[in-house]
Amino acid sequence: MESLLSEKWDVKPKHASAEALQRWRDLCGLVKNPKRRFRFTANLSKRHEAAAMRKTNQEKLRIAVLVSKAAFQFIQGVQPSDYTVPKEVEAAGFRICADELGSIVEGHDVKKLKFHGGASGLAEKLATSSTDGLSTDTESLSRREEVYGINKFQESETRSFWVFVWEALQDMTLMILGVCAFISLIVGIATEGWPKGAHDGLGIVASILLVVFVTATSDYRQSLQFKDLDKEKKKIAIQVTRNGYRHKMSIYELLPGDIVHLAIGDQVPADGLFLSGFSVLIDESSLTGESEPVMVSPENPFLLSGTKVQDGSCKMLVTTVGMRTQWGKLMATLSEGGDEETPLQVKLNGVATIIGKIGLVFAVVTFAVLVQTMVGRKWHDGTMFRWSGDNALELLEYFAIAVTIVVVAVPEGLPLAVTLSLAFAMKKMMNDKALVRNLAACETMGSATTICSDKTGTLTTNHMTVVKSCICMEVQDLSESKSASALRSEFPETVIKTLLQSIFNNTGGEVVVNMQGKREILGTPTETAILEFGLSLGGNFQEERQAYKLVKVEPFNSTKKRMGVVLELPGHGLRAHIKGASEIILAACEKVIDSNGDVVPLDEASICHLKETIDQFASEALRTLCLAYVELENGFSPDDAIPASGYTCIGIVGIKDPVRPGVRESVALCRSAGVTVRMVTGDNINTAKAIARECGILTDDGIAIEGPVFREKSMEELLELIPKIQVMARSSPLDKHTLVKHLRTTFNEVVAVTGDGTNDAPALHEADIGLAMGIAGTEVAKESADVIILDDNFSTIVTVAKWGRSVYVNIQKFVQFQLTVNVVALVVNFSSACLTGAAPLTAVQLLWVNMIMDTLGALALATEPPSDELMKRSPVGRKGNFISAVMWRNILGQSLYQFLVIWFLQACGKTIFMLHSCPNSDLILNTIIFNSFVFCQLFNEVNSREMEKINVLEGILDNYVFASVLGSTVLFQIIIVEYLGTFANTTPLTFMQWFISIFIGFLGMPIAVGLKRIPVESLQMNDEHGPIARYIIPKNKC
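What you are looking at is a predicted structure, and each value in this text was computed from that prediction instead of being measured.

1. Focus on the pairing of strand S25 (residues 769–773)
Among the 5 residues that make up S25, 5 are buried, leaving the element largely enclosed by the rest of the structure. Burial along S25 is two-sided: Ile 769, Leu 771 and Met 773 facing one way and Gly 770 and Ala 772 facing the other are all buried. Two elements, strand S24 (residues 751–755) and S25, share 4 bridges in a ladder whose sense is parallel. Each residue of the ladder has a partner; that of Ala 752, found in S25, is Ile 769.

Right under this line is the structure:
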């Protein structure tokens, strides 16, 4: 089976090409219900439409930029345009309409912008303040919403339950059976009268309706689960100023006139205009497909919704929202494009197609054999040319049986079971603080062999505090009784002034007063810790910021490992401040402030002392940052780069970020599960090693390496080195990307990578599973990720891996169960038709069996919760066979048992049950066979809960879905046999006949135990894993 599926039915878990997606669709020759089969797959036509829209946007923007550049030269000669404010807009208190605003930003119309008074003029016309933002008055916000619209794009309406009923009725085989039922009703009533002649037809109709309603209910519930998850995916918060207070709010609540604060990694939430900021680079590729970033400044102030902030920070005035933006229109199209199908979905579509073709052949041959038997009988009786209504009904019954064999043989439920299992897992993972953005990630995570994790916020709590400092060459421990405020008295005032100047001006954070009147620090945990340190020294953030003019800002860069600002001092001098990785900043210093507060040259002894201090702080698992400044000459221009050397060292701070509780246990669990955990961080190597040892990541035989050393290695050295790397410190985004790429390609590992910053996007994109941080992560990182870890906790990543394995194993269980039913139903009906000229299972009975194995079987087996045992197995890896040798052993063993039992009942059943003297012996025997067959499936469903473990009953009552499905199936079986005999071709059975039917089914359980003792290759860990992974598979079956 694997070889048949190897090439044509393979798609990548991520970024599969349109050709590959189209190829497998074309191969699905036998599809009973295309609407249902392809419901949870990508809509390729809508994706082509979105691509065409991007191309159009690119061309429109290119022309708009050229026109705006040309217009800029003639800007002084702008004449007032003939724009008049619509009366309804003026009545609402505004002086510009939504269409005019949209044409300014989307068209990059410099002339119109100048005419309306620039960004400040538009703010006035929008009745907003560029400093305090909008008023939070509900009435005024409602008026604004009526005039300008809301910041939401049009989504497809939630489909009602009856739409799913209609789609379930589109099943080709059910429609054919419906026609058969209609003809059966007509002929039956005509020959036997009402109601006797209608029984067969009504039985098929009732079965079809039962199948349709159960299927529609299951599909409808799945669609609601996906709808809920889609809502979670779209939750994006942004910093906004309203009523003079800055706070986070949903991007969907934004209105024109809002003042939005953008930083690196943010998604621009609406169309707008640049108000103020520094070094703003915008990535417009999501909207236009253009990879070259665009510089935004007062000269080019246009910001488009859906684009990403690649560098810098700024304040923006929102002008256009929702469906009035190009992003809104593009997202409306993309939302109809659907999620890409997962590799397992495609593979199981392949299995369904192959088995379906085999089933079709069996159905045709069965029908031909049954007709040939009937014709032979009529020839023998001499009635060949005399056909009655009974003969027509018999022929129709044969045709219905053949069609029903196709219904049972085509395992349409296989690919849909994947969707059901994924929907179930995604909902449960959401409760466990993991939001899945890409369906395939659920499957792939179960195969992960390596996790490359960040340190800060993932392995640690991300609650940072400055606990040590080295200022004026003196080391101070702030975690002891001495507080930071007491330090102020120990150092000269000039040093404290320079230190506070550096802390409060060279920062990406802010100190604000919230609505409750309390002081609040905004920014990353690192910035928050340093600002808190500055405040405890008696500093005032607002006073410091107002005392100096910012000339240039270079935001933190993970390649340079530093950030910097240039300040204009009150005496018109210029000073640059930088802070960042201690050893890098120290290398840029030539002077230092000594214990007397004097600036002295940095001699060898001072350098040694500072380096020892850095190493000491790092060995205590502290993150170290160095602060420095340099006086600049007046010739400095904002276009010049901040100097790289000549600095005076102000001091070094040690920031504590404790390891998260439970991380050590989670790392140990990964190791026992055959998953290697590697730490990749930008921190000092000693800090990284200390944290890695505390977490249990760095072992005696592992290697810790720095990024600059790693990138200098040759390919031969890397081949030997990478398997041993457990910690990579001072790594750049490129180092992380290189490591991930080598692990995936050279060593054939399945790699999961965590990331939170904008620069992590390439590594997240390259990895098999990208894991973005929900709290610390930027929108760019989240956009590139497959799973968002909502609590930024490493333990949650292990939970995701466990759920990934659960999805994979659950689908294997369902495939094993369904293929067993397929094989038995096909062989029994075919062999019976060939040997006896009649099929023991009627169309109605086969439809019931189909529902047990399809919708109900998927519900029971595909929703099993994960067990701790899953993390004691080896990962499947990249090339593991999905239908394993263990599964084939169980399928063939159970199929052989069931076939032999039914064949034995057919051959000797009348003698065993002493039915020879009964007038309806055939009907009783066929009911016993049907009953035994159904109970064989029920007990096999229980057996399928574990493919290798003998104890299949463990935790069965904990899974209420499984217990409910099993209980309801037994109840319906009793009703069908005892009370619906007229429609289902059954007759009530005696207590002994019921007992034997159930006992025959139960015998499948000890047989399963015997099968599990037959040694076959266990859940395979493919040897193509390369030199890294050679894991021992547990032998314990119990």
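2. Regarding helix H15 (residues 343–381)
Over its 39 residues, H15 runs 57 Å from end to end, which matches the ideal 57 Å to within 8%, given 1.5 Å per residue. Phi for Gly 382, located one or two positions after H15, is positive at around 75 degrees.

3. Here we look at the sheet that holds strand S21 (residues 676–680)
Taken in spatial order, the 8 strands make up an open sheet running S8-S26-S25-S24-S9-S21-S23-S22, and their pairing is mixed. Of all the strands in the sheet, just strand S8 (434–436) and strand S22 (703–706) have a single pairing partner and so form its edges. Strand-to-strand twist in this sheet, taken as the mean axis angle between neighbours without regard to direction, amounts to 20 degrees. In this sheet, strand S23 (residues 725–729) lies alongside S21 in parallel orientation, the contact comprising 2 bridges. The residue bridging Met 679 from the neighbouring strand is Val 727, located in S23. Contacting S8, strand S9 (450–453), S24, S25 and strand S26 (787–789), helix H18 (residues 439–446) crosses the sheet at an angle of about 110 degrees to S25.

4. Let's talk about the pattern of salt bridges
If the charged atoms of two oppositely charged side chains come close together, the side chains can form a pair. Scanning the model with the defined rule gives 23 salt bridges in all. The partner of Lys 112 in a salt bridge is Glu 100, and the shortest N-O contact between them spans 3.7 Å. Taken together, the positions of Lys 112 in helix H7 (residues 110–115) and Glu 100 in helix H6 (residues 98–106) put the pair 12 residues apart, joining distant regions of the chain. Arg 143 is the partner of Glu 139 in a salt bridge, and the nearest nitrogen-oxygen pair spans 3.7 Å.

5. Here we look at the UniProt feature "transmembrane region" (unreviewed entry) in the chain
Residues given the UniProt feature "transmembrane region" (unreviewed entry) here are residues 172–190, 202–220, 354–375, 395–425, 819–839, 923–940, 960–980 and 992–1011. Overall, residues 202–220 shows 100% helix and 0% strand. The separation of its end C-alpha atoms is 26 Å. Overall, residues 992–1011 shows 95% helix and 0% strand. The separation of its end C-alpha atoms is 29 Å.

6. Description of the state of the cysteines
Tallied over the full model, the rule gives 0 disulfides. Of all cysteine sulfurs, the one in Cys 626 lies closest to Cys 649, which takes part in no disulfide; the gap is 3.8 Å. Exposure remark for Cys 649: the relative accessible area of 1% places this residue in the buried category.

7. What about the packing of aromatic side chains?
Tallying each qualifying case throughout the model produces 13 aromatic pairs. Centroid distance Phe 424 to Trp 803: 6.0 Å. Interplanar angle 70 degrees. Geometry classified as edge-to-face. Note that Phe 424 is positioned in helix H17 (residues 413–431) and Trp 803 in helix H32 (residues 794–836), a separation of 379 residues in sequence. No difference in accessibility class separates Phe 424 from Trp 803, as the two residues are buried. Look at Phe 935 and Trp 994: their rings are 6.2 Å apart centre to centre, the planes differ by 80 degrees, and that puts the pair in the edge-to-face class.

8. Side note on the environment of Ala 423
If you trace the backbone, Ala 423 turns up in helix H17. Under the relative-accessibility criterion, Ala 423 is labelled buried at 0%. Once residues lying within four places of it in the same chain are set aside, the contact partners of Ala 423 are Gln 225 and Phe 226.

9. Details of the confidence of the model for the chain
In this model, the chain carries an average pLDDT of 82, and 88% of its residues clear a pLDDT of 70 or more. Contacts of residues 1019–1038 to residues separated by more than four positions or lying in other chains number 53 contacts, the stretch itself having pLDDT below 50.

10. A word on a nonpolar patch on the surface
Where nonpolar side chains cluster on the molecular surface, the patch consists of Ile 189, Trp 194, Leu 202, Leu 210, Leu 971, Phe 972, Ile 974, Ile 975, Tyr 979, Leu 980 and Phe 983 and spans about 1,000 Å² of accessible area. Taken together, the elements giving at least two residues each to the nonpolar patch come down to helix H12 (199–233) and helix H36 (960–979). Of the residues forming the nonpolar patch, the biggest block, 5 residues, is contributed by H36. With respect to the helices and strands, the residue Ile 189 is situated in helix H11 (residues 172–192). Look at Ile 189 and you get partly exposed, because its relative accessible area is 35%.

11. Some words on unusual backbone geometry
Residues other than glycine seldom take positive phi values, yet Ser 279 does so here, at roughly 50 degrees. If you trace the backbone, Ser 279 turns up in strand S4 (residues 271–283). One non-glycine residue with positive phi stands out, namely Lys 561, at about 60 degrees. Relative to the helices and strands, Lys 561 is located in the loop between strand S14 (549–557) and strand S15 (562–568).

12. Overview of the nonpolar core
Ranked by internal contacts, the top residues of the largest apolar core, which has 148 residues, are Leu 177, Met 445, Ile 769, Val 787, Phe 794 and Val 815. With 19 residues, the single largest contributor to this core is H32. For this core, the domains that each give at least three residues are domain 2 (162–224 + 343–424 + 801–867 + 880–1013) and domain 3 (434–460 + 660–792). In contact with Met 445, other than residues within four places in its own chain, are Ile 451, Ala 752, Ile 769, Leu 771, Ile 797, Val 800, Ala 801 and Gly 804. Counting 29 residues, the second-largest nonpolar core is a separate cluster that includes Ile 471, Leu 500, Ile 650 and Ile 655.

13. Quick notes on the packing of helix H25 (residues 663–672) against H32
Angle between the axes and distance between the axes: these two values describe a pair of packed helices. Where H25 meets H32, the axes come as close as 9 Å, and the angle between the chain directions of the two elements is 30 degrees. With respect to each other, H25 and H32 are oriented roughly parallel. At the point where H25 passes H32, the crossing takes the left-handed sense. On H32, the residues touching Val 663, Ser 666, Val 667, Leu 669 and Cys 670 of H25 are Phe 794, Ser 795 and Val 798. Across the contact of H25 with H32, the residue classes break down as 6 nonpolar, 2 polar and no charged.

14. Observations regarding the side chain of Arg 623
With respect to the helices, strands and loops of the structure, Arg 623 is situated in strand S19 (residues 622–632). A polar contact is formed between the side chain of Arg 623 and the side chain of Thr 456, at a distance of 2.9 Å. At 2.8 Å, the side chain of Arg 623 and the side chain of Thr 526 are in polar contact. Not counting the four nearest positions on each side in its chain, Arg 623 is found in contact with Thr 456, Met 464, Thr 526, Val 653, Gly 654, Ile 655, Asp 683 and Thr 687.

15. A few points about the packing of H25 against helix H26 (residues 685–695)
Where H25 meets H26, the axes come as close as 8 Å, and the angle between the chain directions of the two elements is 75 degrees. The orientation of H25 with respect to H26, classified from their angle, is roughly perpendicular. Packed against H25, whose contacting residues are Val 663, Arg 664 and Val 667, the element H26 presents Arg 693, Glu 694 and Cys 695 at the interface. Taken together, the residues of the contact of H25 with H26 break down into 3 nonpolar, no polar and 3 charged.

16. Focus on the environment of Gly 312
Note that Gly 312 resides in strand S7 (residues 308–320). As a C-alpha pair, Gly 312 and Phe 278 span 34 residues in sequence and 5.6 Å in three-dimensional space. When sequence neighbours within four positions are dropped, the list of residues in contact with Gly 312 reads Ala 263, Ile 264, Phe 278, Ser 279, Val 280 and Pro 555.

17. Re the environment of Phe 983
Within the secondary structure, Phe 983 is located in helix H37 (residues 981–984). On the basis of relative accessible area, Phe 983 is assigned to the partly exposed category, the value being 30%. In the structure, Phe 983 is positioned 138 residues away from Gln 845 in sequence and 9.9 Å away in space, judged by C-alpha atoms. Excluding residues within four positions of it along the chain, Phe 983 makes contact with His 199, Leu 202, Gly 203 and Val 844.

18. Observations regarding the pairing of S21
Burial analysis of S21 places 4 of its 5 residues in the buried class, which makes it a mostly covered element. Pairing between S9 and S21: 4 bridges, direction parallel. By the bridge assignment for S21, Ser 453 is matched with Met 679.

Parameters at a glance
- Residues numbered from 1 in each chain as written.
- Predicted model: local features only at pLDDT ≥ 70, side-chain atom pairs only at ≥ 80, totals over all residues.
- Heavy atoms only, no water.
- Buried < 20%, exposed > 50% of the residue type's maximum accessible area, 1.4 Å probe, protein only.
- Helix = DSSP H or I, 4+ residues; strand = E, 2+ residues; numbered from the N terminus.
- Pairing = 2+ DSSP bridges.
- Expected span 1.5 Å × (residues − 1).
- Axes fitted to C-alpha atoms, helices over the stretch in contact; angles between N-to-C directions.
- Contact = heavy atoms within 4.5 Å.
- Salt bridge = Lys/Arg side-chain N within 4 Å of Asp/Glu carboxyl O.
- UniProt positions renumbered as here; feature names shortened; annotations may be inferred.
- Disulfide = S-S within 2.5 Å.
- Phe/Tyr/Trp six-rings, centres within 6.5 Å; stacked < 30°, edge-to-face > 60°.
- pLDDT = per-residue confidence, 0-100.
- Patch = residues over 30% accessible without salt bridge, like charges linked within 9 Å, V, L, I, M, F, W, Y side chains within 5 Å.
- Areas by Shrake-Rupley, 256 points an atom, 1.4 Å probe, with all protein chains shown as cover.
- Core = buried A, V, L, I, M, F, W, Y, C linked by side-chain atoms within 4.5 Å.
- Domains from an automatic or database assignment.
- Parallel < 35°, antiparallel > 145°, perpendicular 65-115°, else oblique.
- Left-handed = near helix turned anticlockwise from the far one by under 90°.
- Nonpolar A, V, L, I, M, F, W, Y, C, P; charged D, E, K, R; others polar.
- Polar contact = N/O pair within 3.5 Å; in protein donor to acceptor, adjacent residues only side chain to side chain.

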